[in-house]
Amino acid sequence: TAAFTDTLPAGVTNSPLTNTGTCTGVTVTAGVITVANGTSIPNGGCTVITTVTSSTPGTVTNTTSNLQTALGTSPPATANLTVTSTAPTVAKSFTPATIGVGGTSVLTITLTNNNATAATLSANLVDTLPAGVTLANATFGGTCTGTKTGVAGGSTVTYNAGGSIPAGTPGSCTITANVTSSTPGTVTNTIAAGALQTNNGSNPAPATANLTVATVPAVSKAFAPATIGVGGTSQLTITISNVTGAAQ
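A.B. asks: So what about the overall build of the protein? Which residues, and what values?
C.D. replies: Looking only at helices and strands, the protein has zero helices and 25 strands in total. Over its C-alpha atoms the protein spans a radius of gyration of 27 Å, topping by over 25% the 18 Å that the globule rule assigns to 248 residues. Looking at the protein as a whole, 31% of its 248 residues are labelled buried. The contacts of the protein with a sequence gap of at least 6 include a subset with a gap of at least 24, amounting to 66%. Carbon together with sulfur atoms contributes 56% to the accessible area of the protein, which is approximately 12600 Å² in total.

A.B. asks: How would you explain the environment of V133 if you had to name every residue and give the values?
C.D. replies: By the secondary structure assignment, V133 is in strand β15 (residues 133–141). With relative accessibility at 3%, the residue V133 sits in the buried group. Spatially, the C-alpha atoms of V133 and T156 are 9.7 Å apart, while their sequence positions differ by 23 residues. Excluding residues that lie within four positions of it along the chain, V133 makes contacts with S155, V179, T180, S181, V187 and L211.

Conventions adopted
Residue numbers run consecutively from 1 along every chain, following the written order of its sequence. Residues qualify for local features only when their pLDDT is at least 70, as the model is predicted, and side-chain atom pairs are given and counted only at 80 or more; totals for whole chains, interfaces and linings, by contrast, use all residues. Derived side-chain values reflect all non-hydrogen atoms in the structure, with water molecules and hydrogen atoms excluded from consideration. Numbered from the N terminus, helices here are DSSP runs of H or I no shorter than four residues, and strands are runs of E no shorter than two. Every radius of gyration here is taken over C-alpha atoms, with the globule rule written as 2.2 Å times N^0.38, N being the number of residues. Buried residues are those whose accessible area, probed at 1.4 Å on protein chains only, stays under 20% of the maximum for their type, while exposed residues exceed 50% and partly exposed ones sit between those limits. Any two residues having at least one pair of non-hydrogen atoms within 4.5 Å are treated as being in contact. Under the convention used here, a 1.4 Å probe and the Shrake-Rupley method define accessible areas, while residue burial counts only the protein chains that appear.

Following this line, the structure appears as structure tokens:
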């Protein structure tokens, strides 16, 4: 006969509350697995199997009580469970992607978090605008909570440390800013890999978007958001711009 109790570590839960192993006399409740006193261990042994999950990144150690049998007491068993987080991602776009000299475009930075808990920024996320592109004003929008900073005529958009990205599959939020340029040509705005630093890791890939300042009609296109989950949706926008001052 045998008896022992296994209490799951903090942050680890079990569902469904069932044992699919071969041992009898097993009771599975929320957070606790019990093998009742008097349970028979068949020749060759048996198993207790239940499904557990956790939304807390990190490594925890699960330790049973002593295994008490008619032949004596065996020491506890231990096992580690490591929960890894999925690093958040960054995408960006300009709408419209083509403007006339002195025109205005909306820069959208999209932050995506595929974890079951919100991702909190541990450092400022700074987007440095390309040469010739500046903030048209210091008005920031989007759905990301937290503080966004920058000055009219400046060249940086900052989402301050402590801001968060909602949880979800995926969870996401946006930061928007109005930008302008008087320098004709096409420039690329890049947020480097690792620039978004959170408790769930840093973005593994850079985010880029092009802005064209045109003096002739032009065509541009953008996906919003530019990064989606499997089965997700994105809106494709094709913009034909004419900044010449007359129909063409």
